[in-house]
Amino acid sequence: MVITRTVEARAAGGLSSLEQELLRLAGAVPDPELPVVSLAELGVLRGIRVTGPGQVQVELTPTWTACPALETMAADVTAVLKDAGMSEVTVHTVLSPAWTTDAISEEGRRKLAEAGVAPPRPQTLGGTGISGPVALDLAIHCPHCGSTETRLLSRFSSTACKSLRSCKSCGEPFDHFKEV
Amino acid sequence: MTATEQSRAAAAPASPGAAAAEKAAPTLEGPALAAARALGDDALVLAQRLGEWAGNAPVLEEDVALTNIALDLLGQARTLLSLTGDEDDLAFLREEHEFHNAQLVEQPNGDFAVTIARQLYFSVYQELLYTALAEHGGDLAPLAAKAVKEVAYHRDHAEQWTLRLGDGTEESHRRMQQALDALWRYTGELFQPLEGLGVDLPALRERWLEQVTAVVEKATLAIPQGADHTPWAAGAGRQGVHTESFGRLLAEMQYLHRAHPGASW
């Protein structure tokens, strides 16, 4: 997973105990659209660096380029870090490497399913890592009854990152976190 | 934007042609700036056109789909335009001739088939272009590598509808063919060389034609045989020359910001 690698790399390079604590606090901020998962579980928190007394820089990456929740995430992270005593919080948006649904943690996937959102399937990205998505053959389980008999209603749903499906077994419609 | 890019942005001198150099110093300059802005204009203008379907699409799912695609494009536009100056000034305060989007994206929505034909032509193009940009590296690569994954969904959407309309009823077949024919003349411009982009656009046309042809023929339709540009339109959008309806699009998009400068929610 891209995310943890970035953070772990920093940790190996000497993430201070303060940075570790701030990373934990920022990572625990709930996603504004899907509050059952945290930013850390979603894999959008890319790194944190204390640059001076009371000064901290945070790197966030959007799930989808136009994700309107990104501004709220930045505001929420800023508020949490200010509460933790940091006076100057700067949030940078990073696009590269591009976020992928593979960055969502196992725990995050479990929580999404519990909240009625079918989690994304693992990506099988080709050599480039930039090839398109849409391997629609793998079964998607209905988050309500667990059936694999589900069908796509629309590739686009209530937010940019989800598609709309319905279950043939229990008849319920549900959102699916679509793979990127 | 990475920290490195930010410091570069801060250090970059304002380009003489930049519309909003005082507010946000552009990261890019010269031909690279112009190329990024042209692609940003493509995304912005198509987002605005697709947004016109909000509340008007044939079914609710399409209302949601077309506006989601519009939102993706708006995100791309914001990133691209921000590399070239202040995004709001660029979107809301430029005149018609200062926009360098291709004429294809400004074409009116027409009936649903026209919108789908425009989506098919443009999303196949954008997927090829972003893939090439991501491989090329450079300043646009981070956005391109990210956006290409979104564009794959746009292309899929356009393909599914082309198949459904083309291979549907007699009427939907007729309209889809009519739409493909009507917009064909705007497709040549997409492959005009764009200085500063670092991608050989003319070289992408062959693969574009292959991919579009495959979808069109599978949909029992025919690839238009006429010229892919008109004598007066070749490359015109990229040079700031636009078709009649573009002014009205801008008027709607820019009205609020110009009437109430600095207004916010």
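Residues numbered from 1 in each chain as written. Chains lettered and ligands numbered in written order. Predicted model: local features only at pLDDT ≥ 70, side-chain atom pairs only at ≥ 80, totals over all residues. Heavy atoms only, no water.

1. What about the overall build of chain A?
Alright, step 1. Scanning chain A from N- to C-terminus turns up 5 helices and 7 strands.
Alright, step 2. Going from N to C terminus, chain A has its helices and strands arranged as α-α-α-β-β-α-β-α-β-β-β-β.
Alright, step 3. Considering chain A as a whole, with its 180 residues, one finds that 49% of them fall into the buried category.
Alright, step 4. Here the contacts in chain A between residues at least 6 apart in sequence split such that 52% fall between residues at least 24 apart.
Alright, step 5. Carbon and sulfur atoms make up 53% of the accessible area of chain A, which totals about 8,000 Å². (Helix = DSSP H or I, 4+ residues; strand = E, 2+ residues; numbered from the N terminus. Buried < 20%, exposed > 50% of the residue type's maximum accessible area, 1.4 Å probe, protein only. Contact = heavy atoms within 4.5 Å. Areas by Shrake-Rupley, 256 points an atom, 1.4 Å probe, with all protein chains shown as cover.)

2. Brief notes about the sheet that holds strand E5 (residues 150-154) of chain A
Residue and element names in this part refer to chain A.
Alright, step 1. Strand order across the open sheet formed by 4 strands is E4-E7-E6-E5, with mixed pairing between neighbours. Of all the strands in the sheet, the pair left with one neighbour each is strand E4 (117-118) and E5.
Alright, step 2. Of the strand pairs in this sheet, E4 and strand E7 (residues 173-177) are connected by 2 bridges, and their pairing is parallel. When the bridges of E7 are listed, Ala118 appears paired with His176. (Pairing = 2+ DSSP bridges.)

3. Observations concerning the layout of surface pockets
Alright, step 1. Approximately 300 Å³ is the volume attributed to the second largest pocket.
Alright, step 2. Lining the second largest pocket are 15 residues, and of these Leu153 and Arg155 of chain A together with Glu62, Trp161 and Arg164 of chain B sit closest to its centre.
Alright, step 3. Contributing elements (two or more residues each) for the lining of the second largest pocket: E5 of chain A together with helix H3 (60-82) and helix H7 (141-166) of chain B.
Alright, step 4. The element contributing the most residues to the lining of the second largest pocket is H7 of chain B, with 4 residues.
Alright, step 5. Its residues assigned to classes, the lining of the second largest pocket comprises 8 nonpolar, 3 polar and 4 charged. (1 Å grid on protein atoms, 1.4 Å probe; cavity = no way out; pocket = protein on both sides within 12 Å on 5 of 7 lines; lining within 4 Å. Points joined across faces, edges and corners; volume = space filled by probe spheres on them. Nonpolar A, V, L, I, M, F, W, Y, C, P; charged D, E, K, R; others polar.)

4. Re the packing of H7 of chain B against helix H8 (residues 170-184) of chain B
Axis angle and axis distance: for two packed helices, these are the angle between their axes and the distance between the axes, and together they describe the pair.
All names here are of chain B.
Alright, step 1. Remark: H7 packs on H8, axes separated minimally by 7 Å, with the N-to-C direction vectors making an angle of 125 degrees. Taken as axis vectors, H7 and H8 run oblique relative to one another. When H7 is examined against H8, the residues Thr162, Arg164, Leu165 and Gly166 are found in contact with a partner set consisting of Ser172, His173 and Met176. (Axes fitted to C-alpha atoms, helices over the stretch in contact; angles between N-to-C directions. Parallel < 35°, antiparallel > 145°, perpendicular 65-115°, else oblique.)

5. What to know about the confidence of the model for chain A
All names here are of chain A.
Alright, step 1. Looking at chain A as a whole, the pLDDT averages 85, with 84% of positions reaching at least 70.
Alright, step 2. Segment residues 1-9: pLDDT under 50, and 16 contacts once partners within four positions in sequence are set aside and those in other chains are kept.
Alright, step 3. Within the model, pLDDT remains below 50 along residues 125-132, and this stretch shows 9 contacts once partners closer than five positions in the same chain are excluded. (pLDDT = per-residue confidence, 0-100.)

6. What about the interface of chain A and chain B?
Alright, step 1. Taken residue by residue, the interface counts 30 residues in chain A and 31 residues in chain B.
Alright, step 2. Interface of chain A and chain B: buried area, both sides summed, is about 2,700 Å²; carbon and sulfur atoms make up 65% of it.
Alright, step 3. Our enumeration of links across chain A and chain B arrives at 2 salt bridges.
Alright, step 4. A salt bridge links Glu71 of chain A to Arg78 of chain B; the shortest N-O distance between them is 3.9 Å. (Buried area = accessible area lost by both parts, 1.4 Å probe. Salt bridge = Lys/Arg side-chain N within 4 Å of Asp/Glu carboxyl O.)

7. What to know about the packing of helix H2 (residues 30-51) of chain B against helix H6 (residues 112-136) of chain B
All names here are of chain B.
Alright, step 1. For the pair H2 and H6, the least separation of the axes is 13 Å and the interaxial angle reads 150 degrees. Looking at the two axes, H2 sits roughly antiparallel to H6. Remark: the crossing between H2 and H6 carries left-handed chirality. In contact with Leu39, Asp42, Leu46, Arg49 and Leu50 of H2, H6 contributes Thr115, Arg118, Gln119, Phe122, Tyr125, Leu129 and Leu133.
Alright, step 2. Its residues placed into classes, the contact of H2 with H6 shows 7 nonpolar, 2 polar and 3 charged. (Left-handed = near helix turned anticlockwise from the far one by under 90°.)

8. Focus: the sheet that holds strand E3 (residues 88-93) of chain A
Residue and element names in this part refer to chain A.
Alright, step 1. Strand order in the open sheet formed by 3 strands is E1-E2-E3, with mixed pairing between adjacent strands. Each edge of the open sheet carries a strand with a single partner, namely strand E1 (45-52) and E3. The sheet shows a mean angle of 20 degrees between the axes of neighbouring strands, direction not considered.
Alright, step 2. In the sheet, strand E2 (residues 55-60) pairs with E3 via 6 bridges, with the strands oriented parallel.

9. Some details on the confidence of the model for chain B
Residues and elements named next belong to chain B.
Alright, step 1. Taken residue by residue, chain B gives an average pLDDT of 90. The fraction at 70 or more is 90%.
Alright, step 2. Taken element by element, chain B is modelled with least confidence in helix H1 (residues 3-11), mean pLDDT 40, and with most confidence in H8, mean pLDDT 98.
Alright, step 3. For the stretch residues 1-21, pLDDT sits under 50, and the model shows 31 contacts to residues farther than four places along the chain or on other chains.

10. Some words on the pairing of E7 of chain A
Alright, step 1. Most of E7 of chain A sits inside the fold, with 4 of its 5 residues counted as buried.
Alright, step 2. Counting the residues that bridge the hairpin from strand E6 (residues 162-167) of chain A to E7 of chain A gives 5 residues, and of these Gly171 of chain A lies at a positive phi of roughly 80 degrees.

11. A word on the packing of aromatic side chains
Each pair of aromatic rings is reported with the distance of its centres and the angle of its planes.
Residues and elements named next belong to chain B.
Alright, step 1. All chains considered together, the criterion is met by 11 aromatic pairs over all chains.
Alright, step 2. Seen in terms of ring centroids, Phe122 and Tyr125 are 5.8 Å apart; in terms of plane orientation they differ by 50 degrees. Their pairing is tilted. Separated by 3 residues within a single helix, Phe122 and Tyr125 lie in helix H6, roughly one turn from each other. One exposure class covers both Phe122 and Tyr125, and it is buried.
Alright, step 3. Here the aromatic residues Tyr121, Phe122, Tyr125, Trp184, Phe191 and Trp208 are joined through ring pairs into a cluster of three or more.
Alright, step 4. The ring of Phe99 has Arg94 sitting right over it, with the charged end atom 4.0 Å from the ring centre. (Phe/Tyr/Trp six-rings, centres within 6.5 Å; stacked < 30°, edge-to-face > 60°. Lys NZ or Arg CZ within 6 Å of the ring centre and 35° of its normal.)

12. Observations concerning the side chain of Asp63 of chain B
All names here are of chain B.
Alright, step 1. Along the chain, Asp63 turns up in helix H3.
Alright, step 2. Of the side chains with opposite charge, Arg118 lies nearest to the buried Asp63, which makes no salt bridge, at 13 Å.
Alright, step 3. In terms of polar contacts, Asp63 uses its side chain to reach the backbone amide nitrogen of Gly55, at 2.7 Å.
Alright, step 4. Once residues within four sequence positions are removed from consideration, Asp63 is found in contact with Trp53, Ala54, Gly55, Asn56 and Ala57. (Lys, Arg positive; Asp, Glu negative; His and termini not counted. Polar contact = N/O pair within 3.5 Å; in protein donor to acceptor, adjacent residues only side chain to side chain.)

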